[in-house]
Amino acid sequence: MRRKSAAYDAAHCFHCGEPNPARMHWRATMDDVQAVFCCAGCLAVAQTIGAAGLSSFYALRERDSVPRRDDGVGDAAASEAVAGPTRPELADDGMASVALLLDGIRCGACVWLIESFLQQQPGVLGATVNYATRRAQLRFDPNETTLSAVLAAASRIGYRAYPYDPRRRERMARRESRRLLLRTSLALLATMQVMMFAVPAYVSVDGVDREHAALLNLASLILSLPVMLYCAAPFFVNALRDLQRLRPGMDVPIALGIGAAFTSSAWATFTGTGAVYFDSVTMFIALVLAARLLELRVREKAGDALELIARDTLLMADRLDAHPGGKVCERVIAASVPIGSFVRIAAGAPVPVDGIVVEGRSSVEESILTGESWPHSKAVGDRVMAGSVNRDSPLTVEVTSTGSATMLAALSRLVERAANERPRLAKLSDRAATAFVVALIAIAAVGAGVWWFIDSSRVLPVVFAVLVVSCPCALSLATPAALAASAGALGRRQILCVRPDTIEALSRVTDVVLDKTGTLTTGDVRLTGVTSCGSMDADRCKSIAAALEAGASHPIARALADAARDGSVVARDVVAVPGCGVEGTLDGVRYRLGRPQWVGELCRAPVPMHEVAANEISIALGSESAWLAWLRFGDTLRPSAAALVASLRDMGLRVSMLSGDREATVRHVAAALGIDDWRASASPDDKRAYVGALQAQGAIVAIVGDGINDAAALARADLSIALGNAATLTQWTADAVVLGSDLARIAFALRAARQTFRVIRQNIGWAIGYNVIAIPLAACDLLSPLAAAVGMSVSSLVVVGNAWRLSRLGRSDDVTDRTNRARHVADSDLRTAVASIT
Amino acid sequence: MDILLLLIPLSVVLALLIGAGFWWAAMNGQFDDLEGPAHRILADDDRPH
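Computed from a predicted model, the values in this text were never measured in an experiment.

Thresholds applied
Residues numbered from 1 in each chain as written. Chains lettered and ligands numbered in written order. Predicted model: local features only at pLDDT ≥ 70, side-chain atom pairs only at ≥ 80, totals over all residues. Helix = DSSP H or I, 4+ residues; strand = E, 2+ residues; numbered from the N terminus. Buried ≥ 20, exposed ≤ 12 C-beta atoms within 10 Å, placed from the backbone. Expected span 1.5 Å × (residues − 1). Arc of directions from axis to C-beta. Contact = placed C-beta atoms within 7 Å. Nonpolar A, V, L, I, M, F, W, Y, C, P; charged D, E, K, R; others polar. pLDDT = per-residue confidence, 0-100. Pairing = 2+ DSSP bridges. Axes fitted to C-alpha atoms, helices over the stretch in contact; angles between N-to-C directions. Parallel < 35°, antiparallel > 145°, perpendicular 65-115°, else oblique. Core = buried A, V, L, I, M, F, W, Y, C linked by C-beta atoms within 7 Å. Domains from an automatic or database assignment.

Caption draft 1: A look at the overall build of chain A. Scanning chain A from N- to C-terminus turns up 29 helices and 29 strands. In chain A, which comprises 838 residues, the share counted as buried stands at 47%.

Caption draft 2: Representation of helix H2 (residues 40–51) of chain A. All names here are of chain A. Helix length check: H2, at 12 residues, gives a terminal C-alpha distance of 16 Å against a target of 16 Å (1.5 Å per residue), a fit within 8%. If you check which residues of H2 are buried, you get Cys42, Leu43, Val45, Ala46 and Ile49. Down the axis of H2, the smallest arc covering the buried residues is 165°, so these residues share one side. After H2 finishes, the residue glycine 53 shows a positive phi value of roughly 75°.

Caption draft 3: Quick look at the interface of chain B and chain A. Each side of the interface is counted separately: chain B has 27 residues, and chain A has 26 residues. With 13 residues, helix H1 (residues 3–27) of chain B is the single largest residue contributor to the side of chain B that touches chain A. Residues that form the side of chain B that touches chain A fall into these classes: 17 nonpolar, five polar and five charged.

Caption draft 4: Examining the confidence of the model for chain A more closely. All names here are of chain A. Residues at a pLDDT of 70 or more form 71% of chain A, whose mean pLDDT is 73. The secondary structure element of chain A with the lowest average pLDDT is helix H29 (residues 813–837), at 41, and the one with the highest is helix H8 (residues 210–231), at 90. Contacts for the low-pLDDT stretch residues 67–86, under 50 throughout, to residues beyond four places or in other chains number 51 contacts. Ignoring residues within four places in sequence, the model shows residues 812–838, a span with pLDDT below 50, making 29 contacts including any to other chains.

Caption draft 5: Spatial organisation of the sheet that holds strand S25 (residues 654–658) of chain A. All names here are of chain A. Strand order in the open sheet formed by seven strands is S17-S29-S28-S27-S18-S25-S26, with mixed pairing between adjacent strands. A single partner strand is all that each edge strand has here, and the edge strands are strand S17 (495–497) and strand S26 (677–679). With strand direction ignored, the average angle separating the axes of adjacent strands in the sheet is 20°. Across four bridges, strand S27 (residues 701–705) lies against strand S28 (residues 719–723) in parallel orientation. Within S28, the residue paired with isoleucine 703 across the bridge is serine 720. Across the sheet, helix H24 (residues 684–696) lies against strand S18 (511–515), S25, S26 and S27, angled at about 155° from S27, the strand it touches most.

Caption draft 6: A look at the packing of helix H22 (residues 641–650) of chain A against helix H27 (residues 744–779) of chain A. Residues and elements named next belong to chain A. Interhelical geometry of H22 versus H27 gives an angle of 20° and a closest axis separation of 8 Å. In this view, H22 runs roughly parallel relative to H27, as classed from their interaxial angle. In this structure, H22 uses Ala643, Leu644, Ser647 and Leu648 to contact H27, whose residues at the interface are Ala744, Ile746 and Ala747.

Caption draft 7: Geometry of the sheet that holds strand S12 (residues 362–365) of chain A. Residue and element names in this part refer to chain A. Pairing is antiparallel in the open sheet, where three strands are placed in the order S13-S12-S15. Edge positions in the sheet fall to strand S13 (376–378) and strand S15 (389–390), since each has one partner strand and no second. As paired strands, S12 and S15 are joined by two bridges and run antiparallel to one another. Looking at the pairing, glutamate 365 lines up with valine 389 of S15.

Caption draft 8: Quick peek at the pairing of S12(A). Pairing between S12(A) and S13(A): three bridges, direction antiparallel. Residue pairing in the sheet places A:Val364 in a bridge with A:His376 of S13(A).

Caption draft 9: Highlighting the nonpolar core. Residue and element names in this part refer to chain A. In terms of nonpolar packing, the biggest core is built from 128 residues, with Ile285, Ala749 and Ala778 touching the most fellow members. Summarising the domain contributions, this core has at least three residues from each of domain 2 (172–304 + 421–481 + 760–786) and domain 4 (484–521 + 638–753). With residues near it in sequence (within four places) discarded, alanine 749 still touches Leu490, Ile495, Leu506 and Ala736. Counting residues in each nonpolar core, the second largest holds 45 residues, with Phe14, Ile49, Leu138 and Leu151 among its members.

Now the structure itself:
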């Protein structure tokens, strides 16, 4: 950790670290440092933190840790709406306690800040934040404060908190997770100690003293007993259940193996004859439990992230004032719409409430609710359900039931689906492992039969050597562990695998189809350039334009407000002329911003020459005396787009781009990114057909998209990836969701998946080679049970260790390095690209 | 080598004690959040402002 004050430079915002605008207006003294801020929002958050005496947060936080800027409007209301169904629990002493799900925590300092700040709020008795799960437990006095007041306080320092109902199921899941951790750790502890007791037998040349050996065996037995009775209990329970259902799974051979080995070892200990395998038994149990713990943790994390998305995408409803003939009178949170009122559902929007269609005809996709991806056609009188998606045209619906219950039920299905399904490959390897164990028992039986005739005293050692030396770990342990580890690595990079087979599909991709709008480009209107055509410099022109549009809220005004953060210039007498533009006075000079002809009437000069690229629109700025500037607006490329295309190429993937946009626009973007294969003006059907054509050539197609228009193509592709800020629909049909806007993550995901399958192949190769050599040796009595146990243990460590490497993906330098290099290359490409567009 | 007759049982008792201690810790939620407390102890300064 470093002190922010030492490293602070005035060029960057004290709070969020973004570059400050050229004119720095937001200043404050924080901790004896003259701090400069990029915007009023950051200043407000920092002042709130400072006023609470918590400014050492800035010294404690890690580099990239930035609380979200306060979005202000709506947050408290939204939190309150979610809070509706989740009433705080009242304790016996009259104090309320509630669980919160927190968004925006990035390092330990955030935890400290939230706890300290919330505890300062009146009426709050305690706030404890769990850094690992991003959850908080809040206790407060309901007579002194309300939940929404506390939530509003959290949002003032830049964190969003959602009340969260720790359902019974979840409490049980936590207890289960604790138990599994305990089982694994106890088994590992016992393994260590039992191994130590086993070492004398491995290393001594003339054998251990009889009396000492008996003592060591007894000690091993005492330590293995709790492992067998407690740690391994789930194997026996599951095996029993499997046998009752006549569907033997992986737990049956495990239970058989450890049960038999333990019983015979215990027998050998008491009778003083025969070999003991306590070390192999405990180690095997510990390793299997460790793999299961790892898998569970990864699934929990994926579930949490999805839950957060679910909370973040609050459903809003457009309420109509009357029906028929009503118009949209307010946009409200779906849960608060009165039953019996009417709501309008736009095309492509999720249905916010349960209701009956009273106007319009459309098709509605209910895949989230029914799992069926084919849309149902809905007309007047049909019922629609909250959580389904209206696809074609607007509908008016009479509300029959509301509440987050319906929607949350639907979303929790998604979360559960991701958390509970086992990947096809893991199932396959389970089946293979079971077959392997059955074959193994057969080999052991045959070996026993053969040795019975050769030398009956060797039967037991041979059977155990065969059973112990074989190692199905590569199948039963390493494959699930590899899949779980790489899912974890992807999760850390904000890539969520929604379906269980996503990683396998990712590793096989040969073609990547990119959507343009909203994927390669940001999808918002941005100010892309200012060309001054008079004496005034471009920055000044931008400020004037922003001042003229300051009161408006249309996309261009927002783009101007984003571009010119300098709010010091104020225009007066602003008049908006519909269809033409705005007119206003600054420092006694009249300005017009808008259509060239209309601006020209004020300037009394002919429209000067200018060029506009195909993917842009331009508006003019002029004063009474002269033309001032052209302001160009367009959809900008994401900074990481070129990096993505470059690294996909590096990986030997074919890249193509589809867009419903005009040809000229698409050609520009394609040229800027170096994509040769592109289609413009593509309808949803065209996109689907294009993907189908690629598949017909044998390609495995991954499609990256966002818009509603992509849904059909996404469903057709072998793998669909949606950006986290994309339209809701595609998130629900996608196989993977990439949160945030860093496209480089997509390349990372593909690379990580390939690495995963390389590791799985290595493991299976190793396991086959090892078993092919070791099992015949053991069956021929060329391998002592001791050597067999060591061989098996080393073999399992090799495969599990190899799988574990995957969890370090994305942390290891070489991956980051390559990404950085790609980004560097891409930056220069981007500059060329921007130059060619503007 | 008679000392082994003492040391081996002792190691078993120790391992069982450690196991029991671990049981208590896990069931009391000591392992629920492994990162937060490490930061919290560093952050907890009470200097006046």
